[in-house]
Amino acid sequence: MINMGELFAYDRIADPPMELVPMTPDEIEKYRVIEGDLLFARQSLVLEGAGKCSIILKVPQTTTFESHLIRVRLDESKVDPTFYYYFFRSSEGKSRVQSIVMQVAAAGIRGADLAKLSVPLPPLEHQRKIAAILSAYDDLIDNNNRRIAILEEMVQLLYREWFVHFRFPGHESVPMVESELGLIPEGWTWSTLGNVASEVRRTVQPSDIAGETPYIGLAHMPRRSITLSEWGRADEVSSTKLQFKTGEILFGKIRPYFHKVGVAPVDGVCSSDIIVVRPSEERWMALTLCCVSSDAFVEHASQTSQGTKMPRADWNLLVRYPLAVPPESQLGWFNETVGAVVDLLLNFIAKNIVLRTSRDILLPNILSGEWDIDNINLA
């Protein structure tokens, strides 16, 4: 073990100036970040966020950091920064950082306390091996995330082509006809969201559900992505929750312009700030999902939301949103195609969970000596 401060490339942790004034060239050089720098969150509104560690991978242009961060530049002749990035992401590393968190109005850490933290110091070659192994897991996760992004874009592109521009297969031979809402392909009809889907409210009290039950709050939902890959536990919150089932659609109704909409990957409970949407029949699943996750629908939800500081979407208004409905055969093909993509997305989520779990148990087992990496060849 060694104190963190003994690994710094400089004699102290850099603290940028607090004043909002232009930085001099000397200050820019002093406070810029370079590849391999570690950044720790100095303050956070939640306890878990204080001391959260990130690493600088690439710096395409001169970049400095701001006063809510602590920059740590390690001496790379002694240590591998990537190893310590993974250490501070591990349960052991997080626990040590949490030991120096001060909770006042907001949770926070001080650079001086960070420098005194005791951290492991394996041989440099071991550090590099560990970092390479764990980075390989992250590379696989990133690759899956890129596939997820491509599949999601495919789904929205398909929806826009079919239901916005009416460029579905064979559209050239289908004439456009007048309707109450404008031109529409012959054989298509207009409906509303309320005719194909409904809000599901299965209220449950904290005492009535197991603590390990997956819990999804707005903080777990990414923006502009239907793939929900993170969740907590039901025992982390004490308020009344809503139950949801795998495959149902979760729509964040608080500040709907944040565009938080996704497919539930597991059975669980969610915040009451989320609308649980279920198609009335399986054949409406793809159309419902694509509609409520579209830019146009989210904009409509924002425009019709109620409240000033914390606007909330109102399902009773959203049910009136118009939908163009194709003939049954085309609807079935669209539902089957999008459904297959959603299955792939859920599969990638499951793979990433396995990868993250495997990655996170590697480091403590290696550091404890339970797993030997002496014979691993980095090449």
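K.L.:
In this structure, what is going on with the layout of surface pockets? I would like to understand it.
P.N.:
Unoccupied space between atoms shows up once a probe the size of one water molecule is rolled over them. Roughly 1,900 Å³ of volume is contained in the largest pocket. Along the wall of the largest pocket there are 49 residues; nearest its centre are Lys52, Arg89, Lys94, Glu230 and Arg359. When residues of the lining of the largest pocket are traced back to their parent elements, those giving at least two are β4 (53-55), α2 (81-89), α3 (91-98), α5 (124-164) and α10 (328-367). Top element by residues in the lining of the largest pocket is α5. It accounts for 9 residues. Broken down by class, the residue content of the lining of the largest pocket amounts to 20 nonpolar, 16 polar and 13 charged.

K.L.:
Can you help me understand the sheet that holds strand β7 (residues 107-108) in this one?
P.N.:
The pairing of strands in a sheet happens through backbone hydrogen bonds and is either parallel or antiparallel. Taken together, the 3 strands give an open sheet; going across it, the order is β3-β7-β6, and neighbouring strands pair in antiparallel fashion. Unpaired on one side and paired on the other, β3 (43-44) and β6 (102-103) mark the two borders of the sheet. Examined bridge by bridge, β3 and β7 share 2 bridges and lie antiparallel to one another. Its bridge partner being in β7, Ser44 is matched across the sheet by Ala107.

K.L.:
Help me understand the packing of aromatic side chains in this model?
P.N.:
Where two aromatic rings form a pair, the distance of their centres and the angle of their planes describe that pair. Going through the model one piece at a time under the given rule, you end up with 17 aromatic pairs. For the pair Phe40 and Phe88, a centre-to-centre distance of 5.1 Å together with 85° between the ring planes defines the contact as edge-to-face. With a gap of 48 residues between them, Phe40 in strand β2 (residues 38-41) and Phe88 in helix α2 connect regions that are remote in the sequence. Taking relative accessible area as the criterion, Phe40 reaches 0% and is therefore assigned buried.

Rules of the game
Residues numbered from 1 in each chain as written. Predicted model: local features only at pLDDT ≥ 70, side-chain atom pairs only at ≥ 80, totals over all residues. Heavy atoms only, no water. 1 Å grid on protein atoms, 1.4 Å probe; cavity = no way out; pocket = protein on both sides within 12 Å on 5 of 7 lines; lining within 4 Å. Points joined across faces, edges and corners; volume = space filled by probe spheres on them. Helix = DSSP H or I, 4+ residues; strand = E, 2+ residues; numbered from the N terminus. Nonpolar A, V, L, I, M, F, W, Y, C, P; charged D, E, K, R; others polar. Pairing = 2+ DSSP bridges. Phe/Tyr/Trp six-rings, centres within 6.5 Å; stacked < 30°, edge-to-face > 60°. Buried < 20%, exposed > 50% of the residue type's maximum accessible area, 1.4 Å probe, protein only.

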